[in-house]
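Working through the structure, step by step
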Amino acid sequence: MRIRAVETHDIRFPTSRDLDGSDAMNPDPDYSAAYVVLSTDTDLEGHGFTFTIGRGNEICRAAIESLAPLVIGQGVDDLGEFARRLTHDSQTRWLGPEKGVVHLAAAALINAAWDLAARFARKPVWRLLSEMPSDQLLDLVDWRYLSDALPRARAADILAAAEPGRAERTRAIIASGYPAYNTSAGWLGYDDAKITRLAQEAVADGYSQLKLKVGADLDDDLRRFALMRKAVGADVRIAVDANQRWDVDEAVAWMTALAPYDPWWIEEPTSPDDILGHADIRRALGTAGPGGTPIRVATGEHVANRVMFKQLLRADAVDVVQLDACRVGGVNENVAILLLAAAYDRPVCPHAGGVGLCELVQHLAIFDYVAVSADLTDRAIEYVDHLHEHFVDPAVVHRGVYRVPLTPGFSAQLRPETLARFAYPDGVAWRGRALS
């Protein structure tokens, strides 16, 4: 089976109209996907995408098209080599390296290749990964720059330790599902009444953790946090997310002010590139919570690659690892990040605030539980209740847990009518409204 063509689409959803997805740094996002379809010399296709929030999605699409010659004519029987062909190409690598638009584009193609390989194997991606022999899993990873923090032999030990019980954990996760937490109640643009109503509904639906966007105005945050805490009670975890809004000292002061409401974590408190700043914030908040408890530091959705995750972990700068299915180099690099997190004993709570991210990251988290960490302690996948109806195999959350996907592939395929309606700028949803 060989890839014969790469088809791309600029798909955007006008979520800014209702302020869905709004936060302190991104007040009016239009959730978007630079979407790719790999056609082959068989009847199978591979579907993938990378996520953006509107303007610039066309740049990601152009980058995917520029990488297409590297995969046309290739197979997907060796997905480690497939990924390295994209990320090691010397001329396009210069544009990163391994970061920015060129890395987002590589992620879209790599994710599409995994969708194709899983369809061929007639398995969902999580199962395809979970049933791979350890040596084959390790061959997926680009070990360059990781050996000082995680030698391949140490990663092999992690996989070997998790191998007993794989079958039992597979049966358990299919039966019980994977824990979810809810972000849909806490967008920054929602008014107080809407936050209160949605928070109460989320708890009634079975969620034991919510997330509140903060960072624009401290008085507003104090009021909104107090409302959400009153609405859900003391036993529900409430994480907060500043979306990179603060400098280091400001982050510490702001979170100290919010501490009486018992924040479970502070997400993206400062620049995602500031490893030392995150470490300083983590140390300063180590006893800032009620009764001297820590306010945890979480980050990852804008962390560019495995090397930066390595630095966050080695610097003791993060309590919760929030990998993203599309920010780094697709499934392969996320396997490396999961192994790093396991080596440093940090829980992984994937970022999923965007179109299609819930669909993808569920596979990575389930694989982590079955074959890497073998642990669900303090782990949950983000859930936002937007746009799932546009997917052929949408993520399903019931009573606060993700139901395990069983359909072959990566759950990445958009419906044909969605590709037509939300194509930018000529789809019906955008006709006469496009801004660029």
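Residues numbered from 1 in each chain as written. Predicted model: local features only at pLDDT ≥ 70, side-chain atom pairs only at ≥ 80, totals over all residues. Heavy atoms only, no water.

Within strand β3 (residues 45–52), 7 of the 8 residues are buried, which leaves the element mostly enclosed by the surrounding structure. In this structure, strand β2 (residues 32–40) lies alongside β3, joined through 8 bridges in antiparallel fashion. Along β3, the bridge assignment pairs A33 with F51. Turn length for the β2-β3 hairpin, with the two strands adjacent in sequence and antiparallel, is 4 residues. (Buried < 20%, exposed > 50% of the residue type's maximum accessible area, 1.4 Å probe, protein only. Helix = DSSP H or I, 4+ residues; strand = E, 2+ residues; numbered from the N terminus. Pairing = 2+ DSSP bridges.)

This paragraph deals with empty space enclosed by the protein. According to the stated counting rule, one finds 2 cavities of 30 Å³ or more in the structure shown. Space inside the largest cavity adds up to approximately 120 Å³. The wall of the largest cavity is formed by 13 residues, among which T87, D142, G329, N332 and E333 lie closest to the centre. Counting residues per element, the ones that place at least two in the lining of the largest cavity are α2 (79–87), α4 (100–121) and α14 (330–343). Split into classes, the residues belonging to the lining of the largest cavity amount to 4 nonpolar, 4 polar and 5 charged. (1 Å grid on protein atoms, 1.4 Å probe; cavity = no way out; pocket = protein on both sides within 12 Å on 5 of 7 lines; lining within 4 Å. Points joined across faces, edges and corners; volume = space filled by probe spheres on them. Nonpolar A, V, L, I, M, F, W, Y, C, P; charged D, E, K, R; others polar.)

Before going further, it helps to examine the packing of aromatic side chains. In the structure shown here, the tally under the stated rule is 8 aromatic pairs. Ring centres of F13 and F422 lie 4.6 Å apart, and the angle between their planes is 40 degrees; on these two criteria the pair is classed as tilted. Residue F13 is found in the loop between β1 (3–12) and β2, and its partner F422 is found in the segment after α16 (416–421); the two are separated by 409 residues along the sequence. When sorted by exposure, F13 lands in the same class as F422, which is buried. Seen from their ring centres, Y424 and W430 are 5.2 Å apart, and the 80 degrees between their planes marks the pair as edge-to-face. (Phe/Tyr/Trp six-rings, centres within 6.5 Å; stacked < 30°, edge-to-face > 60°.)

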